[in-house]
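Each chain, letter by letter, is given below.
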Amino acid sequence: MKMMNAKRFFIANALVAALGFVANAQADNAQLIKQGEYVSRLGDCSACHSIPGKAEFAGGLAIESNLGTIYSTNITPDKQHGIGNYSEQQFNDAVRKGVLPDGTRLYPAMPYPDYAKITDEDMHALYTYFMQGVKPSAEQPAETDLSFPFSQRWGMRFWNWAFTSDKPFQPIGGASAEINRGAYLVESLGHCGSCHTPRGLGMNEKALDSSDDQFLAGGNLNGWEVPSLRGLPRWSEKEIVDYLATGRNDKAAVGGEMTSVVEHSSSYMTDADLQAIASYLKFLGGNPALVTGDAQAAQATEAKLTAAKNLNLGERLYLDNCGACHFVSGKGAKGIFPELDQATIVNAQDPGGLIHTILAGAQQPSTARAPSTLVMPGFARRLNDDEVAQLATFIRQGWSNNAPAVTADQVKDVREKLKTH
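Cut-offs used in this document
- Residues numbered from 1 in each chain as written.
- Predicted model: local features only at pLDDT ≥ 70, side-chain atom pairs only at ≥ 80, totals over all residues.
- Heavy atoms only, no water.
- UniProt positions renumbered as here; feature names shortened; annotations may be inferred.
- Helix = DSSP H or I, 4+ residues; strand = E, 2+ residues; numbered from the N terminus.
- Buried < 20%, exposed > 50% of the residue type's maximum accessible area, 1.4 Å probe, protein only.
- Contact = heavy atoms within 4.5 Å.
- Areas by Shrake-Rupley, 256 points an atom, 1.4 Å probe, with all protein chains shown as cover.
- Lys, Arg positive; Asp, Glu negative; His and termini not counted.
- Charge placed at Lys NZ, Arg CZ, Asp CG, Glu CD.
- Expected span 1.5 Å × (residues − 1).
- Polar contact = N/O pair within 3.5 Å; in protein donor to acceptor, adjacent residues only side chain to side chain.
- Phe/Tyr/Trp six-rings, centres within 6.5 Å; stacked < 30°, edge-to-face > 60°.
- Lys NZ or Arg CZ within 6 Å of the ring centre and 35° of its normal.
- 1 Å grid on protein atoms, 1.4 Å probe; cavity = no way out; pocket = protein on both sides within 12 Å on 5 of 7 lines; lining within 4 Å.
- Points joined across faces, edges and corners; volume = space filled by probe spheres on them.

- The chain goes by Cytochrome c in an unreviewed UniProt entry, where it is assigned to Winslowiella arboricola.
- Database annotation for the chain, UniProt heading Subcellular location (unreviewed entry): "Cell membrane".

Set out below in C-alpha cells:
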C-alpha cells in the first residue's frame, strides 16, 4: 500500500511539473510573439505590406521607384500566397539578404541592405510573430513586372555584391549604451538611411552607418527633398521624441512618406527607444549655423504682413490662405500648426515637397500620444499654377527663409504627378 501511495505521489508531482513546464513554455512563447510584434513595428513592416481594406500584411501596396512600380508581397503565414512554408533560415535570408527560398532576388525597395544588421534575437522573435501571431490571408497581390532590363532579377546578385554588406551591427566605440541602442534602431530596423541617405549612381545608399559622413545626410524621394538627420541642430532631443511619437512638435509636423512612418512605426516605440534614437541623432552632430535665422528680416516680413499695405501677390495669397494658422510671424502654433520660418521643407533646394503640400494639403496621423487629427486643406482647386508659384516663392523668401523662387512650370509638374497618383 505504501509503495502504491508513493507511486501515485510521484506521478502526481510529475504531472504537476509537466503542466507547469507547459504553462511556462506557453508564457515564454506568448512573450516572444509580443516581442516579435514590437520588432515588426520597429521595422515598419505594416506600412509597406498592408493597405486599407485588406488583411494586415497581405501586401499589394504600389511602391513608386525609379525602376517602375513595385508591389509589396503577402507576408502572412498563408502557405500558398504568403510565407507560411518558410523555414526560419529562409525567412532570415529574405529579410536580411533579399533572397527568397526559390532563389528569386528581391528589389531593394525591401530595405534588406539595412535589415542585414538586425540581431539574431530580434529575427527569431520576428519569425515567431509572423508565423504564430499573424492571421494568414489568401490575398494574392499584383505581381511586380518591371520593364527590361530591370525585370532581370538575377542581376541583383551583382548589385548586392557591390552595394550591401553582411557585417552585423557594429557598436560605436566609446558611446553610451543609449546612443548605441539608438544607432542599432536607426541603422537596422528603422532603415532611416533608405530615405535620408543620398543615393549613388546605382541607386544604392552611399553609406550604411555613421562611420561615413554621408550617412543620413539627406536625399530626394519621389520629388521630395529629404532632410539631413545629422544632429538636427534646430531641434532639441525632446522635440525629436515628440515628432516621432506624435507626428508633431513645437516646430514641425509630418508630411509625405514620414506620415506613414509615424502612424505605423515610431508612434508605437517605447519612450526609452524614442529617447535612444534622439540621443543618437544628436550624437551625429550638425551645422550649428542652421540654428539661428535672420531676426531682422523675420521682423520686416511680420511688420509688412501686419500692416497689410503694398503687398505683392504672394503676400496677399499668404494672408488669405495661410495666415490664420501660420500667422504673420510664420511661427504657427506650437504643437499644432508648424513653423514656416526656417522650416526644412520650405528652404529645400527642390521645392517639390512644399508645392505638393500647398496643392494636396496634409493630415497629421492620429497616435496614442496625440489622438487628434489635424488637417491642412489642399489648394489645388482654389489656386492656379502661377498663384501657387507666387505663394510658395513668398514663403521661401519671407521672414529669415532664403530659398530660390518657384516657377509655374514647377507647380504644373507636381500637379500632373498628383493627378497621376
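And the narrative resumes.
**Details of the overall build of the chain**
Working step 1: Secondary structure assignment for the chain yields 18 helices and 6 strands.
Working step 2: Principal-axis analysis of the C-alpha atoms gives the chain an extent of 110 × 50 × 45 Å.
Working step 3: With 421 residues in all, the chain has 44% of them scored as buried.
Working step 4: Nonlocal contacts in the chain, meaning residues at least 24 apart in sequence, comprise 61% of its contacts between residues at least 6 apart.
Working step 5: When the accessible area of the chain is evaluated, it comes to approximately 21,900 Å², of which 56% is carbon and sulfur surface.
Working step 6: Seen as two clouds, the 37 positive and the 45 negative side-chain charges of the chain have centres 4 Å apart.

**Comments concerning the UniProt feature "binding site: heme c 2" (unreviewed entry) in the chain**
Working step 1: As recorded in UniProt, the sites labelled "binding site: heme c 2" (unreviewed entry) are Cys192, Cys195 and His196.
Working step 2: Along the polypeptide, Cys192 turns up in the loop between helix 7 (177-187) and helix 8 (193-196).
Working step 3: Residue Cys192 is classed as partly exposed on the basis of its relative accessible area of 23%.
Working step 4: Cys192 has contacts with Val186, Leu216 and Leu229, leaving out every residue within four places of it along the chain.

**Focus on the environment of Cys325**
Working step 1: Residue position: Cys325 is located in helix 14 (residues 323-326).
Working step 2: Residue class for Cys325 comes out partly exposed when judged on its relative accessible area of 30%.
Working step 3: Residues contacting Cys325, with those up to four places away along its chain left out, are Gly332, Ala333 and Phe337.

**Side note on helix 17 (residues 385-397)**
Working step 1: Counted at 1.5 Å a residue, the expected span for helix 17 with its 13 residues is 18 Å, and the 18 Å between its end C-alpha atoms agrees.
Working step 2: Taken residue by residue, helix 17 has Asp385, Val388, Ala389, Leu391, Ala392, Thr393, Phe394, Ile395 and Arg396 as its buried positions.
Working step 3: Along its buried surface, helix 17 packs onto helix 12 (295-307), helix 13 (313-321), helix 15 (344-347), helix 16 (352-360) and helix 18 (408-420).
Working step 4: The distance from a side-chain oxygen at the start of helix 17 to the backbone nitrogen of Asp386 is 3.1 Å, and the residue carrying that oxygen is Asn384.
Working step 5: Positive backbone phi, approximately 55°, marks Trp399, located one or two places after helix 17.

**What about the packing of aromatic side chains?**
Working step 1: Taken as a whole, this structure holds 12 aromatic pairs when the rule is applied.
Working step 2: Pairing Phe57 with Tyr129 gives two aromatic rings, centres 6.3 Å apart and planes at 85°, and the pair type is edge-to-face. Taken as a pair, Phe57 in the loop between helix 2 (45-49) and strand 1 (62-65) and Tyr129 in helix 5 (residues 120-132) lie far apart in primary sequence, 72 residues in all.
Working step 3: We classify Phe57 as buried; its relative accessible area is 3%.
Working step 4: Summarising the aromatic geometry, the rings of Tyr318 and Trp399 are spaced 5.3 Å apart at their centres and angled 70° between planes, so their arrangement reads as edge-to-face. In this pair, Tyr318 is assigned in helix 13 and Trp399 in the loop between helix 17 and helix 18, connecting sequence segments 81 residues apart.
Working step 5: By relative accessible area, which is 1% here, Trp399 ends up buried.
Working step 6: The rings of Phe57, Phe91, Tyr127, Tyr129 and Phe130 are connected pair by pair, giving a single aromatic cluster.
Working step 7: The positively charged end of Arg41 is found above the aromatic ring belonging to Tyr268, 3.7 Å away from the centroid.

**Regarding empty space enclosed by the protein**
Working step 1: Scanning the model with the defined rule gives 1 cavity of 30 Å³ or more in all.
Working step 2: Quantified by volume, the largest cavity comes out at close to 30 Å³.
Working step 3: What lines the largest cavity is Pro108, Pro111, Pro113, Asp114, Trp159, Ser194, Arg199 and Glu205.

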